[in-house]
Amino acid sequence: MTSVTSPATDPAASGPAPVPSFAVISGAQVRTALEGREKELVHLVEATYRLHGAGETVNPPSYFLRFPDRPASRIIALPASVGGPVRVDGLKWISSFPANVSSGLPRASAVLVLNDHDTGYPFACMESSIISATRTAASAALAADWFTRNRPRPTRVGFFGTGLIARYIHTFLTGTGFAFDSVGVYDVSADSAAGFCGCLQQADGAGQAVDITVHDSAEELIRSSDLVVFATIASEPHVTDPAWFAHHPVVLHVSLRDLAPQVLLASANFVDDVEHCLKAGTSPHLTEQLTGGRAFLDGTLDDVMTGRVEPRTDRPVIFSPFGLGVLDLAVGKYVYDAVARAGNLHVIDDFFHELRRYG
Ligand SMILES: NC(=O)c1ccc[n+]([C@@H]2O[C@H](COP(=O)([O-])OP(=O)(O)OC[C@H]3O[C@@H](n4cnc5c(N)ncnc54)[C@H](O)[C@@H]3O)[C@@H](O)[C@H]2O)c1
């Protein structure tokens, strides 16, 4: 787990308590702090899941702000608190505006606010679409590792939906030691599939040549992959036939709403957090509504990491991670510490101004 540093304070401040500082961290700084650190970040995410499993976090339900005039869009607030050696509170505020993509802007944009454990003062605000994609991809790579420890390591990966999250997941899988003979690609947008293949070819340039196939059919992609990554923006299930999964792949169901309940019912199902994931019309939530219970769930990733549950090998394994704010906080604090250590914090002078109770 990352070491803990306290937010900087202004030593010249008068009065009994130092004036809390407030820094703004740009996307460029975030990227520099995270790039090439896939293994370290997967360890950090694993440690954070373990803290969460041990009850050393607070992670209330995410709040979904939706708009009657823009039904496809939303902004989600994820407040959270991480204890243990990380000791930070905060909030991720992340928008999803799918129409951005057609005008050349990424779908998601976000900021993360970090609050000091002892005073509650916010001490940093940082660009967070990169942090969000990073923690999502690190969690996916961690799950791919744990869910394939008792079966052959996957050599054929398939990406179902090929936007920014798929790109980050590919980087984290290869950056943490997965080596694939083939990469399958399927997307409803030919442009997205082509853009993703361009990234794969660039990544390939550095290493061993990999066979890349763009599939015309979703069934073909799934049937030819041992590890399937769902990263679409589908709002309701569109993959309904359990027979497509007859070869028992491991499925990272990151986009949460692609699979029909009958596919989940024919599989072993894991989530990151039960209460979080059985909400908001996710496929596990629909399955709970259909069956009237949670018996279809095998456990959480933490159950597997701590040895409480052994994933079945005689069925597909589906991991549906809701995405926990505690992961954003842990990665955000890691970034803050790295930028502070490098002496590159952009502190906003006098951000907190009204600091004497009676003026
Ligand atoms: N669980 C988590 O923690 C977590 C975290 C971050 C993002 N996400 C989810 O990951 C998903 C992908 O995010 P992104 O930023 O990469 O989005 P994006 O818009 O960049 O890419 C999504 C891609 O999916 C494709 N697509 C949409 N519907 C499809 C379908 N039915 N079949 C095949 N392809 C389809 C689109 O053409 C696009 O290329 C989103 O649903 C997002 O909510 C989950």
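The written sequence of each chain sets the order in which its residues are numbered from 1. For a predicted model such as this one, the threshold for reporting local features is a pLDDT of at least 70, and the threshold for listing and counting side-chain atom pairs is 80 or more; totals across whole chains, interfaces and linings nevertheless cover every residue.

Participant: Would you take a moment to explain the sheet that holds strand E16 (residues 297–300) for this structure?
Facilitator: In a beta sheet, neighbouring strands are held together by backbone hydrogen bonds and run either parallel or antiparallel to one another. By the convention used here, strands pair only if DSSP detects at least 2 bridges between them. Counting from the N terminus, the helices are DSSP H or I runs at least four residues long and the strands are E runs at least two residues long. Read from one edge of the open sheet, eight strands run E12-E11-E10-E13-E14-E17-E15-E16, paired in parallel fashion. Whereas interior strands pair on both sides, the edge strands pair on one side only; in this sheet they are strand E12 (211–214) and E16. The average angle at which neighbouring strand axes cross in this sheet is 20°, direction not considered. In terms of strand pairing, strand E14 (residues 250–253) meets strand E17 (residues 317–320) through three bridges, oriented parallel. Its bridge partner lying in E17, Leu 252 is registered against Phe 319. Throughout, a pair of residues is in contact if the C-beta atoms placed from their backbones lie within 7 Å. With axes taken as lines fitted to C-alpha atoms, and helix axes fitted only over the stretch in contact, angles between N-to-C directions fall between 0 and 180 degrees. Set on the sheet, helix H3 (residues 129–147) makes contact with strand E13 (227–230), E14 and E17; between it and E14 the angle comes to about 160°.

Participant: Explain the domain arrangement of the chain to me, please; I cannot follow it from the model alone.
Facilitator: Where the parts come together, the accessible area they lose is often given as the size of the interface. Taken domain by domain, the chain holds domain 1 (9–131 + 325–347) and domain 2 (139–320). A C-alpha centroid distance of 26 Å is found between domain 1 and domain 2. With 16 residues of domain 1 in contact, the opposing surface of domain 2 contributes 18 residues. With nine residues, helix H2 (residues 38–53) is the single largest residue contributor to the side of domain 1 that touches domain 2. Three categories are distinguished: nonpolar for Ala, Val, Leu, Ile, Met, Phe, Trp, Tyr, Cys and Pro, charged for Asp, Glu, Lys and Arg, and polar for the others, with Gly belonging to the last. Looking at the side of domain 1 that touches domain 2 residue by residue, the class counts come to eight nonpolar, three polar and five charged. Residue ranges assigned to the domains are those given by an automatic or database domain assignment.

Participant: I keep staring at H2 and nothing clicks. Help me out?
Facilitator: Note: α-helices contain 3.6 residues per turn, so residues at a spacing of three or four share the same orientation. Spanning 16 residues, H2 covers 22 Å between terminal C-alpha atoms, matching the ideal 22 Å at 1.5 Å per step. Buried within H2 are the following residues: Glu 38, Leu 41, Val 42, Leu 44, Val 45, Thr 48, Tyr 49, Leu 51 and His 52. Of the residues flanking the end of H2, it is Gly 55, one or two places downstream, whose phi is positive at about 80°. Expected helix span is given by 1.5 Å per residue-to-residue step, counting one fewer step than there are residues. Working definition of burial: number of other C-beta atoms within 10 Å of the residue's own, with buried at 20 or more, exposed at 12 or fewer, and partly exposed in between, all C-beta atoms being placed from the backbone.

Participant: Help me understand the environment of Ser 129 in this model?
Facilitator: Note that Ser 129 resides in helix H3. In this structure Ser 129 comes out as partly exposed when scored by C-beta crowding, with 19 C-beta atoms within 10 Å. Residues Ser 129 and His 248, 119 residues apart in the sequence, show an inter-C-alpha distance of 33 Å.

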